[in-house]
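Remarks on the overall topology
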Amino acid sequence: MPIAIPRSRIRDLLARSEPLAGVCAKGWVRTVRRGKEVAFLELNDGSCLASLQVVAEPSLAALADPGLGTGACVGVSGELVPSPAAGQRWELRASAIELLGGADETYPLQKKRHTLEYLRSIAHLRPRANTFGALFRLRSALAFATHRFYRERGFVYVHTPIITASDCEGAGELFRVTTLDPQQPPLEKGKVDWREDFFAEKTGLTVSGQLEGELCALALGDIYTFGPTFRAENSNTSRHAAEFWMIEPEMAFADLQDDCRLAEDFLRYLVTFALDECGDDLVFFNERVEPGLIARLEALAKAEFSTMTYSEAVTRLEQSGKAFQFPVAWGGDLQSEHERYLTEEVVKGPLFVTDYPADLKAFYMRLNDDRKTVAAMDLLVPRVGEIIGGSQREERLDVLRERMAVKGVAEEGLWWYLDSRRWGSCPHAGFGLGFERLLMYISGMENIRDVIPFPRTPGSAKF
Ligand code: 4AD
Ligand code: MG
């Protein structure tokens, strides 16, 4: 007999201070124990980490169904009563159980500890595992916190295009977007004629919404974007995904210092929000993923963020006496091992590294007076390394054109960007926070594949 009462979320039921009659809970069975006198079901509906203990007479018809096993979906109606069992306040005394979707013993997520590697291979089912339920709730909460942070500060949320003809970072990592027939593309002098393509030019998926974000900042003052970005970089690491989400604020009338201050406030806000609003899930990560996680986050919420220029960082690395795999020299990119040494061992906390050599950074970063470095900043944090990358932007038309020439960035495709410096330009700055890196940092998870529901990485676009 179908149950007609509206569903209650298990999270709400478990938070009650009074018993409740006429309850209907729906969810997925974690375990079933069929005793002679009484049967127990552990029911989880994803609304919170905890499951609801269901206590039932073994005579209830659904319990005889072999499909009512771990993984089955059921609706249970009954009464919420105080539980005599230790460790739980409430249990649901069932008067009826409806089997909505059976699951037999072939269900791949039987109740036991599974490795993260195994769970990745069943990403279609892993949202039902505790770790991933907790992660995806955390992810949702932090997305909300992001919007709240910027809204409270009067930033305007803008949507920048996903399909674009410009490679903002200049790293040539655009995924191609085309409707041309790969077998027989139209040719012009032996080369593909992109004018024949859908957009009448060569297009790809965006690597960053920044350039368009700047145009909006130069009209609306303070803006931010929050969207998916795509990079066809063939780096199969635990910190790189081909599809990831980025939050990119951009402020008019701002310099690098303002940029660092905003980044610091933002990260602190997100960590504090997680501590305040995602307590149960963080306790789980603290126990199962990274012992000491909560203490680390609480420390961050109060910590001073350190700052050091790239040149100082290189000196520190040279003087460290450490045998790094990659050599350190002024002008070379900081590798992950260098970043982690600086943030984990030198300052033991979040660290802004500023004023990188111009050669290492994108064309749009503001050239410093030394003409060798740019007003760039990377925020490095323990365990994760770079979590934020940003800069003050080159607002001077002549210097920008010079920099584009040096970097080999064609003016032709970016005439509109140059126009923003031609008319009504002003100092402005912004950054990008990698949302998955943030989640790794806040949950303690070590692989980017485990903080996004369906990861896209080289060789893998399943699910
Ligand atoms: O340092 P990036 O490349 O900076 C930009 O894209 C600028 N346009 C941002 C801006 O100033 N508006 O990327 C910013 C952040 C990195 O610090 C990192 O957290 C994340 O994006 N990120 C990635 N996250 C996951 N997978 C990848 N492949 C990533 N590449 C960058
Ligand atoms: Mg970067």
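Details of the structure are given in the entry above.
Residues numbered from 1 in each chain as written. Chains lettered and ligands numbered in written order. Predicted model: local features only at pLDDT ≥ 70, side-chain atom pairs only at ≥ 80, totals over all residues. Heavy atoms only, no water.

**Concerning the pairing of strand β16 (residues 376-381)**
Taking burial as the measure, the 6 residues of β16 include 6 buried ones, the bulk of the element. Burial of β16 is two-sided: the residues A376, D378 and L380 facing one way and the residues M377, L379 and V381 facing the other way are all buried. Taken together, the 4 bridges between strand β15 (residues 351-354) and β16 define a ladder with antiparallel strand orientation. From the neighbouring strand, V353 faces β16, where its bridge partner is D378. Of the pairings in the sheet, the one linking β16 to strand β17 (residues 385-392) comprises 6 bridges and is antiparallel in character. In the sheet register, A376 faces β17, and the bridge partner there is S391. Adjacent in sequence and paired antiparallel, β16 and β17 are bridged by 3 residues, among which R383 carries a positive phi angle near 75 degrees. (Buried < 20%, exposed > 50% of the residue type's maximum accessible area, 1.4 Å probe, protein only. Helix = DSSP H or I, 4+ residues; strand = E, 2+ residues; numbered from the N terminus. Pairing = 2+ DSSP bridges.)

**Observations regarding the packing of helix α6 (residues 279-288) against helix α7 (residues 293-302)**
Contact geometry for α6 and α7: axes closest at 8 Å, N-to-C directions at 120 degrees. What the angle tells us is that α6 and α7 run oblique. On α7, the residues that touch L282, V283, F285 and N286 of α6 are L293, I294 and L297. Tallied by class, the residues present in the contact of α6 with α7 amount to 6 nonpolar, 1 polar and no charged. (Axes fitted to C-alpha atoms, helices over the stretch in contact; angles between N-to-C directions. Parallel < 35°, antiparallel > 145°, perpendicular 65-115°, else oblique. Contact = heavy atoms within 4.5 Å. Nonpolar A, V, L, I, M, F, W, Y, C, P; charged D, E, K, R; others polar.)

**A word on the side chain of E250**
Here E250 is to be found in strand β13 (residues 243-252). With a relative accessible area of 2%, E250 lands in the buried category. Polar side-chain contacts of E250 include one of 2.8 Å to the side chain of R393. Residues within four places of E250 in sequence aside, it is in contact with F155, Q210, G213, E214, A217, G221, D222, I223, R393, H428, A429 and G430. (Polar contact = N/O pair within 3.5 Å; in protein donor to acceptor, adjacent residues only side chain to side chain.)

**A short note on the sheet that holds strand β2 (residues 39-44)**
Spatially, the 5 strands close up into a barrel ordered β1-β2-β3-β5-β4, and their pairing is mixed. The mean inter-strand angle of the sheet, taken between neighbouring strand axes irrespective of direction, is 55 degrees. Sheet topology places β2 next to strand β3 (residues 52-56); 5 bridges connect them, and they run antiparallel. Bridging across to β3, A39 finds its partner in A56.

**Observations regarding the side chain of S443**
Within the element layout of this structure, S443 appears in helix α12 (residues 435-443). Within the local environment of S443, its side chain forms a polar contact with the backbone oxygen of L439, the two atoms lying 2.7 Å apart. At 3.2 Å, the side chain of S443 forms a polar contact with the backbone nitrogen of M445. The contacts of S443, once residues within four sequence positions are left out, are L135, L138, F285, V289, L293 and V451.

**Some remarks on α6**
Within α6 the residues assigned to the buried category are D281, L282, F284 and F285. Each buried residue of α6 sits inside an arc of 155 degrees when the element is viewed along its axis, so together they form one side. Turned more than 90 degrees away from the buried face of α6 sit D280 and E287, all of them exposed. Taken together, the buried residues of α6 touch α3 (130-152), α5 (256-277), α7 and α12. (Arc of directions from axis to C-beta.)

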